[in-house]
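Residue-level structural notes
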Amino acid sequence: MSELARLEVERTAVQRRTLRVVMASQVLGGAGLAAGVTVGALLAEDMLGTESLAGLPTGLFTLGSALAAYLVGGVSQRHGRRMGLGFGFIVGGAGAAGVVLAAAIDSVPLLFVALFIYGAGTATNLQARYAGTDLAAPDRRGSAVSIALVSTTIGAVAGPNLVEPLGGLATGLGLPALSGPFLLAAVAYTAAGATLVAMLRPDPLLLARSIEYASAATSSDSPVLGGPEASHGPGRAAYVGATIMVLTQITMVAIMTMTPVHMREHQHGLGDVGLVIGLHIAAMYLPSPITGLMVDRFGRTAVAVASGAVLIASGVTAAASPGDSLTLTIVALMLLGLGWNFGLISGTALVVDGTSPSNRARTQGAIDVLVALAGASGGVLSGVVVAASSYATLGIVCAALTIIVLPVAVLSRGRSMAGDAGPSQSSEAAVPANVDNQ
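Per chain, residues are indexed from 1 in the order of the written sequence. Confidence filtering applies because this is a predicted model: local features only for residues at pLDDT of at least 70, side-chain atom pairs given and counted only at 80 or more, and all residues used for totals across whole chains, interfaces and linings. By convention in this description, side-chain values take in all heavy atoms of the structure and omit both hydrogens and water.

This brings us to the environment of Gly64. By the secondary structure assignment, Gly64 is in helix α2 (residues 56–79). Sequence separation between Gly64 and Ala372 is 308 residues, and the spatial gap between their C-alpha atoms is 8.3 Å. When checking whether two residues touch, look at their non-hydrogen atoms; a contact exists if any pair is within 4.5 Å. Residues within four places of Gly64 in sequence aside, it is in contact with Phe116, Gly119 and Ala120. In this text, helices come from DSSP runs of H or I with a minimum length of four residues, and strands from runs of E with a minimum of two, each type numbered from the N-terminal end.

Quick look at the structure:
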C-alpha cells in the first residue's frame, strides 16, 4: 500500500474520532460561552451604573476573541488544532475566573481585563468548528461544521437557564449573583481545553497536511484538499464566506447584547432573560444538522441568502415588539439565532472551500479576527444606539444592514451543488479514486 493510500485509510478513522472529541469539547465550551452572553451586560450595568455602557462587556470579550482568534489560528498553523484549541479554551477559563474576582472586589479595571481574556474562549469555541472540516470531503463540509455547532447547544442552552441557581450558588459563596454564570464558565472552558489536549490525537490538520503533501508527491496534477487558487492563497469563496460571517455577526451580537437590558427595563426578571437567551442560543446551534445538510445539498449560496432574509425578519420583529411581550421577544431572538446559524455554516463551508491545509488555519484565524471585530463593534455600538434612541431603532438598523448579505451571497453563485466549492471539490474528490486505482 502506498503512503497516500495508507494516509487515506487513516483519514477516515481519524475523522470519526475527531468529530467525537470536538463534540465533547463543544458541549463544555457552550456552557462557558453562555455566561457572557446572558449576564455580561447586566453585570456591567450594575458595576458601571449606566445603560449606555452596557454593551461594553460584549465589545471587550469580542475584542479579546479577535486577538485570540489570531493567536489560536497561528498556534494551530504551526502545531495543529490540538494545541491551538486547547490553549484558547484554557486561557478563556482563566478570563472567566478573573470576571468572578472582579465582581467580588468590585473592580471595574479588572473586570475589563478579565472580559478581554474571557474572549479567548469565545474565539476557540468558534474555531473548533474548523477541526471537524479538516478531513471532511467537500460534499460533507456543511455537515461537519454542523456537528461541532450542534454539540455546543447542550451547554449553551443549559447555561442561561442555570442563571438563577448559579446566582444562588454565587450568593452563598459571598459573591454577587451575576458572577455565578462565570463560575461555570471558568470550569467549563478549562475542561474543554483539557479534553482537546488529551484526546485530539492524531491531529486532524496535521494529517490533512500530510495527505496534501503525499498527493502532491504522487501527482502534481491533483493536489489534495485545495485547488489551484487555494494552494497559493485564499480563493474567492473564502472572501465571500468571510463577508457573510462578518455581516451576520454584527447583527446577531448587536441585538443579542441589548435584549437583556431592554427586557429588564420592562420588568422582566432574570428567569425570563435566561429563557429568551437560552432559546436564542438554541436557535443558533440546534438547527445545525439540518443547516449542514442544506448547505451540502442545495449549496452555500442558497443558505447564505436565507440567512439574510431571516435576519431581516428578526430585526423587524425586534423593532415592532412591545417591551412587555415575552412571546414576540422570543420570536425575534430565535429568528436572530437561526439567521446567524445559516450564515455561519454557509460562510464557514465557503472559507474551507477556498483554502488548503497548507494555509487553512492561518487564513481561518485571520477571518475569525474580522468576525470578532465585527461582533465587538456591534456589541459596543448597540448600547450607544439604544441609549441615544431606542431598542426598536437598533432592530431597524440591523435589519437594514443585513440586506447587504443578499448581494454578497450571490457572488458565490454558479458553483457546484457540493457547495459552490470551486476548485477544491474536484481536487479533493480525486483522492478516493487515486487510492482505489493503486
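Attention now moves to the nonpolar core. Think of a nonpolar core as a cluster: buried Ala, Val, Leu, Ile, Met, Phe, Trp, Tyr and Cys residues, connected wherever their side-chain atoms sit within 4.5 Å. Throughout this description, buried means an accessible area under 20% of the type-specific maximum (1.4 Å probe, protein chains only), exposed means over 50%, and partly exposed covers the range between. Among the nonpolar cores identified, the biggest contains 81 residues, and Leu43, Tyr118, Phe182 and Tyr285 are the most heavily contacted of them. Ranked by residue count, the leading element in this core is helix α14 (residues 326–353), at 11 residues. Setting aside residues up to four positions removed in sequence, Tyr285 forms contacts with Leu33, Asn125, Leu149, Val150, Thr152, Thr153, Ala156, Trp340 and Asn341. Listed in part, the 9 residues of the second largest apolar core include Leu247, Ala304, Val405 and Ala409.

We now examine the pattern of salt bridges. The term salt bridge refers to a pairing of a side-chain nitrogen on Lys or Arg with a carboxyl oxygen on Asp or Glu at a separation within 4 Å. One pass over the full model with this rule turns up 7 salt bridges. Ionic pairing is found between Asp353 and Arg300, a salt bridge with its closest N-O pair at 2.9 Å. Of the two residues, Asp353 sits in helix α14 while Arg300 sits in helix α13 (residues 300–320), which places them 53 residues apart along the sequence. With relative accessibility at 2%, the residue Asp353 sits in the buried group. Through salt bridges that share partners, Arg141, Asp296, Arg300 and Asp353 make up one connected network.

Between the first and last C-alpha of α14 there are 41 Å, a value that for 28 residues agrees with the 40 Å anticipated at 1.5 Å per step. With 21 of 28 residues buried, α14 lies mostly within the body of the structure. To estimate the expected span of a helix, subtract one from its residue number and multiply by 1.5 Å.

So, on to the environment of Tyr213. Tracing the sequence through the fold places Tyr213 in helix α8 (residues 204–218). Considered as a pair, Tyr213 and Ser358 are 145 residues apart in the sequence and their alpha carbons are 9.1 Å apart.

Right, let's get into a nonpolar patch on the surface. Together, Leu63, Leu67, Tyr70, Leu71, Phe87, Val113, Phe116, Ile117, Leu370 and Leu373 give the surface a local cluster of nonpolar side chains, amounting to about 860 Å² of exposed area. For the nonpolar patch, the elements supplying multiple residues, two or more each, are α2, α4 (108–131) and α15 (360–388). Tallying contributions element by element places α2 first for the nonpolar patch, with 4 residues. Within the secondary structure, Val113 is located in helix α4. With a relative accessible area of 47%, Val113 lands in the partly exposed category. Nonpolar side chains (Val, Leu, Ile, Met, Phe, Trp, Tyr) are joined into patches within 5 Å and like charges within 9 Å, using only residues with over 30% relative accessible area and no salt bridge. Calculation of accessible area relied on Shrake-Rupley with a 1.4 Å probe; when residues are assessed, cover is drawn exclusively from the protein chains displayed.

Everything listed here is a matter of geometry and, on its own, says nothing about what the molecule does.
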